[in-house]
Each structure stands twice: as structure tokens, then as C-alpha cells.
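Fold and geometry: a report
The primary structure of each chain is shown beneath.
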Amino acid sequence: MKKTKASVRTEVLDKYGRPVDLKEEGMDVQVEAYRIGGGFDLDIKIKKEPPKKHDRPIVLKATGLSIQFGGLKAVDGLDLEIREGELYGLIGPNGAGKTTVFNMLTGIYKPTFGRFFLCGKDLTGKTPLEINREGIARTFQNIRLFNSLTVLENVMVGLNNQVPCTVWSSMFRLPRHMKSEKIARERAHEILRIMGLDEYSDYLAQNLPYGKQRKLEIARALATNPKLLLLDEPAAGMNPNETQELMDTIRFVREKFKVTILLIEHDMKLVSGICENLTVLNFGQILASGDTHEVLNRPEVVKAYLGD
Amino acid sequence: MSEIISTIINGLSQGGVYALIALGYTMVYGIAKMLNFAHGDIIMVGSYAAFVVVGMMSSSPFLAIFIAVVVCTALGILVERLAYRPLRGAPSLSVLITAIGVSYLLQSLAQIIFGATPVMVPMFDFKFVDIGGISIKIQSLITLAVCAVVIVLLLFVIKKTKVGRAMVAVSEDRGAAQLMGVNVNRTIAITFAIGSALAALAGIFSLFVSPVTSPTFGALPGIKAFVAAVIGGIGSIPGAAIGGIILGVVEQFALSVPFLSPYADAIVFSILIVVLLVRPTGILGKKQREKV
């Protein structure tokens, strides 16, 4: 019997008769129709993908982010999609380009190709200051606190953008200056209280113990009121107990400050413990991306970390 | 005895002037990480601004002080914006040479506009006061008082205000400060503005002592104040004040002894050599620890 392909139009309607966007539902319907003699042969495939958390808006989106230093492609075609409130990990062997990604996302390096968006706003090519004002803050792999300022003052520097007060009002309109200083001081104390650092507020930053310095860096970054917080190896140099405490702190910060977190980390216990999704970089390229536990078990990821 | 006390007071007042200039050097060095060798010439521009007001327009000396401060502040911001900001991130030698270039530019401009001949800038007619049998020039007391107030005010601004914290943050780690939302360019511009305003005051006080200015008016005080900043530990604000005072007092004592007075400048500069031999980072300078 002769079998010829026929064209069909597929449309799925909800119970009110409105068309449904199947992609949005994580579903895909493929219909193939054949004309056989006087009748039809229909081949209908319905694919259902695991439900995605589409209810949460995308905070950070990067498309094809690349940077080249001379002939070296330090990061090559990085795509990222991080949703609101997510704890997202960026991992990879040493030299994979993780910190370079952070440096692009904070405006220190200008990407050679590609763009990135914060809540839909294109921030590619903006200065670090502008990017910080738009809502990306970070900590550093090697702690970079303002050592000769006190713990409180470090947080107040972070608040600089948040509390309105100009040079002129500092110099000439003392009452207004005093008021904004007072507001900044109170807010800084509040952040320190939340972070459990308030009792150290008058210490010089350099005199804090190591773990507390890491916490203070997070507090200072939070003071700039970010939508997205980038943590560069927060657990570096910490013992297992401190790492455990740090994990609690990071989760707590996300809830308390309603912030989305992207972190670079080598400590697999921390990564698998708190990150929901991961991107693995290797030689500047994405090796794997997706759900943390699924990604960590992929053979190519294991191989990149442990060798052949 | 009375002579010694009046020499001390003159020294303190001259030291205050050096301190005002040294503060500009040290703040710019600490925050923008550059040596602004055009700083002395800002003083000169301030003195000519005063000359235009009192010498050419025969207006009030108070107006002259105000105009000098405004002109110098604006000039400081302008020089930073046009000459130094484009070089942010350039090797420090390039910036240093640019600063020397700006210095010559300002001197030459002054020479073109006002000529090379020194001009009179009559400010106030100061009298002597008699305090417990010691006659002291009033201008010394005024200078001393104003310098003290300005230095205290500056320390307050740096320790207690948002701008001051931003300055410390930029001086410690420019990159981190920027990423924490500190406007580095603006902070550096403010530093230049403050330094230049202080230089204008220093220029006015120098005119109190000798009411003559010329295109090279700022050169020697500029160099001496730089020495004061290095003696005190460059980058340190109290250091600049201490260095200035030491220099001023030593200079006045050298000038008051007849057989030493021709060597006053030599003595002043030799303090630098001694201090650098004993404490290479200056009196209050931080020791640089090499990381291994």
C-alpha cells in the first residue's frame, strides 16, 4: 500500500480552549502523519522533560562569554543561566578560567565576545563601579579587606552607594551629613549583627581571625545591596568545621538577604552540599552543566578532576 | 630667651605652611599612588590669583584669599582630570614625568601671562604683638592657628566621614574599593581638590611673610614640603604635619644664627638624608613587608 507523508498542524489547547506553550510546560509534541490509501496513519510522540523551575525569573544570563589574552582563550563560549534565589556552583580544575569569569562579570575584564545580563539588563562592557551599582557584588579568593579600617568601617564602605550623601553635604551641611552617617552606621551594625560579627565591629579588619575575615568580606559585599553575590573560593584555607559553618552561613545569607549566589569552589563537600546547579569549566570551556549530583557523576567530569 | 621663643613660633608657623603643602603631596601619594610634582606650582597659581585681586584690581585681601582657594581647587581637579586620569594604570614613571611636565606648563603659562619679573602682592599690614615681653609677628600666630585647625579638620574628614573612608579604601586597595561601589575617580578628584585648596592657603601664608611672587614662587616651598612629607613618612597625614613642623623649626633656627643662615636650605635638606638613613620609610611611614 502506498504511504505518503501528510502535513499536519499540531495545536494543544487547555480546557478553556487557549493555546498552550508546550515548551513552557517542559513538553514537546511531535506528530507525524501518513496517508495510507483512503485513511491516515498518525504517529504521535509526546516528550515530557523534567519540570524546570520556570516560575523564578532569570537573574544572570551569559551567552557565549569569551575572553582572549593574546592567543590564549581563557574562557571560551560560556553560557550561564542562573535563576532567582539559586545557589549555583562554578567548578573546574586549576586554571580552568573560573576567576576570569568572575572578573568579566564584575567588569574588571571586558569580554572579547559574548554578553551577560543581570535581570535582563545588558551589563557587558560596563565599569566595575556601574556593575556594582546594578547589583553584582563579590568576594575575593585572597581576602581583600581594607585592613586599616575597622570591621564596621569596612561594611560602611560597602554602603557608600546606598546612603545618599555627597561631598558637599559632608563638608558644609553637617546636620544632613551626620544623619546619613548615623543611618549608615546603624545599617552596618545591623548587617554585622545578622552575620554574627557585631561584637567585633571596632576591631581592625586585619586583626580578625581568618574565618571571620571571610565572613566580613561577605558582609561588606552584602552592604552594596546586590541581586547577585559572587563568592570566589569562600572555603579556601578553612578546616572542615569552618567549612561546615560557612555552608550554613551561605544558605542563611541567601534566605536572609534574598540574594542569588554564584560561587567558585574546590571543596567538593561544600559544592555538593549547597549548590543546586553546577557548571564545570575545563580549559575555559563548559565541560558539563546542570543538576549538581548528576553533573558530578558524569564520567568526563570525574576524568577532568582525577585524570585518566 | 625671648629670641628663642619667637624663633620657635616663627618656625612653627613656617612649619605649618610646609605641612599644608606636604599634606597635598602625601594624600595624593597615598590615594592616587603618584608623586604630583606640579603641586608646588599650584601654590604659585594661587599667589598670582591673589595678585590679580589685590595687585591689579586693588580689591580686598580677603577676597584674594577666597579667589586663590577657588582657583587652586578648580585647577587641581582640572589637572587631575586632563593630565593624570588618562594615565591611570600607566607605569608610575610615565605619571611622574607627566607631573613634571604639568609643573613646567604652569610655570611657563604664568611667565607668558604675568612676565618673569616678580610682582608685589600686598596682603595685610601685620603688626607685632607683645606677649610677656616677647614680640611676635601676628601673621605667625594666624598661620599657626589656621594650620592647626585645617589639619584637625582634615583628620576628622578622613576618620569620620564617608569620603574619608572611601579615601582610605582606595588607598589600600583600589580594585576592591571599586568593586564595593566606591567611585575611585571621584575620590581621587576630591583628594586633588583638597590638596590644592591647602596649597592655595600655603601660598597665601607665604605671601604674608614676603609679599612678592614670580613664576617660580612655588618651586622651593614645593620641594621642601615634599622633603617634609618624606621625612614624616609619605602617605601618612600626621607624618606630613610632623615633617613640616620639623623642617620649619630647623629652618628658622638656622636662619636665626648668623654663621648658619647662608646654609639654611642645606641644613633643611640634610635632615632628609639623616632621616632616610635611620628610617627609610620616614618617621611615621609603614614598614613595607616583602611577601616571600
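Residues numbered from 1 in each chain as written. Chains lettered and ligands numbered in written order. Predicted model: local features only at pLDDT ≥ 70, side-chain atom pairs only at ≥ 80, totals over all residues. Heavy atoms only, no water.

What follows is about the overall build of chain A. Across its full length, chain A holds 10 helices and 13 strands. For 308 residues, the compact-globule estimate of 2.2 N^0.38 gives 19 Å, and chain A exceeds it by more than 25% at 25 Å. With the C-alpha coordinates aligned to their principal axes, the bounding extent of chain A is approximately 90 × 50 × 40 Å. Within chain A, the proportion of its 308 residues that are buried is 45%. Just so you have it, chain A exposes about 16,000 Å², and 52% of that area is on carbon and sulfur atoms. Charge-centre separation for chain A: the mean point of 44 positive side chains lies 4 Å from the mean point of 40 negative side chains. (Helix = DSSP H or I, 4+ residues; strand = E, 2+ residues; numbered from the N terminus. Rg over C-alpha atoms; globule rule 2.2 N^0.38 Å. Buried < 20%, exposed > 50% of the residue type's maximum accessible area, 1.4 Å probe, protein only. Areas by Shrake-Rupley, 256 points an atom, 1.4 Å probe, with all protein chains shown as cover. Lys, Arg positive; Asp, Glu negative; His and termini not counted. Charge placed at Lys NZ, Arg CZ, Asp CG, Glu CD.)

Once that is clear, we can look at the interface of chain A and chain B. At the junction of the two partners, chain A supplies 30 residues and chain B supplies 23 residues. In total, chain A and chain B occlude about 2,400 Å² of area from one another, counting both sides; carbon and sulfur atoms represent 62% of this. Inspection of the chain A/chain B interface yields 2 salt bridges. Between D173 of chain B and R144 of chain A there is a salt bridge, with its nearest N and O atoms 2.7 Å apart. (Contact = heavy atoms within 4.5 Å. Buried area = accessible area lost by both parts, 1.4 Å probe. Salt bridge = Lys/Arg side-chain N within 4 Å of Asp/Glu carboxyl O.)

Residues and elements named next belong to chain B. Under the defined criterion, the tally for this structure stands at 12 aromatic pairs over all chains. Aromatic side chains F37 and F226 sit 5.1 Å apart centroid to centroid with 70 degrees between the ring planes, which places their arrangement in the edge-to-face category. With F37 in the loop between helix 1 (2–32) and helix 2 (39–56) and F226 in helix 9 (residues 219–232), this residue pair connects regions lying 189 residues apart in the sequence. Since its relative accessible area comes to 18%, F226 is described here as buried. On the basis of an interplanar angle of 40 degrees and a centroid distance of 5.5 Å, the ring pair of Y84 and F192 is categorised as tilted. Residue Y84 is located in helix 3 (residues 61–84), and its partner F192 is located in helix 8 (residues 184–209); the two are separated by 108 residues in the primary sequence. (Phe/Tyr/Trp six-rings, centres within 6.5 Å; stacked < 30°, edge-to-face > 60°.)

Here we come to the pairing of strand 2 (residues 128–131) of chain B. Residues and elements named next belong to chain B. In this structure, strand 2 lies alongside strand 3 (residues 134–137), joined through 4 bridges in antiparallel fashion. When the sheet's bridge partners are listed, F128 is paired in strand 3 with K137. Linkage of strand 2 to strand 3, two consecutive antiparallel strands, is achieved through a turn of 2 residues, within which G132 is found at a positive phi near 55 degrees. (Pairing = 2+ DSSP bridges.)

Many structure descriptions define interface size as the accessible area lost when the parts assemble. Considered domain by domain, chain A is made up of domain 1 (3–48) and domain 2 (58–306). Computed over C-alpha atoms, the centres of domain 1 of chain A and domain 2 of chain A are 46 Å apart. (Domains from an automatic or database assignment.)

Quick look at the confidence of the model for chain A now. When pLDDT is averaged along chain A, the result is 86; 90% of the residues meet or exceed 70. Per-element averaging of pLDDT across chain A places helix 4 (residues 167–171) of chain A at the bottom with 55 and strand 10 (residues 228–232) of chain A at the top with 95. (pLDDT = per-residue confidence, 0-100.)

The next subject is the pairing of strand 11 (residues 260–264) of chain A. All names here are of chain A. Here strand 11 lies mainly inside the structure; 5 of its 5 residues are buried. Side-chain alternation along strand 11 places T260, L262 and I264 on one buried face and I261 and L263 on a second face that is also buried. Across 4 bridges, strand 6 (residues 87–91) lies against strand 11 in parallel orientation. In the strand pairing of strand 11, L90 is matched with I264.

Quick look at the sheet that holds strand 8 (residues 121–122) of chain A now. All names here are of chain A. Across the sheet, 4 strands lie side by side as 5-4-7-8; this open sheet has antiparallel pairing. The open sheet has two free edges, formed respectively by strand 5 (72–83) and strand 8, since each of these has just one partner strand. Against the sheet, helix 1 (residues 98–105) makes contact with strand 4 (58–69), strand 5 and strand 7 (113–118), and its axis sits at roughly 115 degrees relative to strand 4, the strand it touches most. (Axes fitted to C-alpha atoms, helices over the stretch in contact; angles between N-to-C directions.)

Our next topic: the layout of surface pockets. Computed from the structure, the largest pocket encloses a volume of approximately 1,800 Å³. Contributing to the lining of the largest pocket are 45 residues, with S148 of chain A together with S171, E172, G235 and K286 of chain B lying nearest its centre. Going through the elements one at a time, helix 1, helix 5 (138–160), helix 6 (162–172) and helix 10 (237–256) of chain B are the ones with two or more residues in the lining of the largest pocket. Of all the elements, helix 6 of chain B adds the most residues to the lining of the largest pocket, at 6 residues. Across the lining of the largest pocket, the residue classes break down as 18 nonpolar, 14 polar and 13 charged. (1 Å grid on protein atoms, 1.4 Å probe; cavity = no way out; pocket = protein on both sides within 12 Å on 5 of 7 lines; lining within 4 Å. Points joined across faces, edges and corners; volume = space filled by probe spheres on them. Nonpolar A, V, L, I, M, F, W, Y, C, P; charged D, E, K, R; others polar.)

Residues and elements named next belong to chain B. As for its placement among the helices and strands, Q252 is situated in helix 10. What makes Q252 buried here is its relative accessible area of 16%. With sequence-adjacent residues up to four places away left out, Q252 is seen in contact with T7, N10, G11 and Q14.

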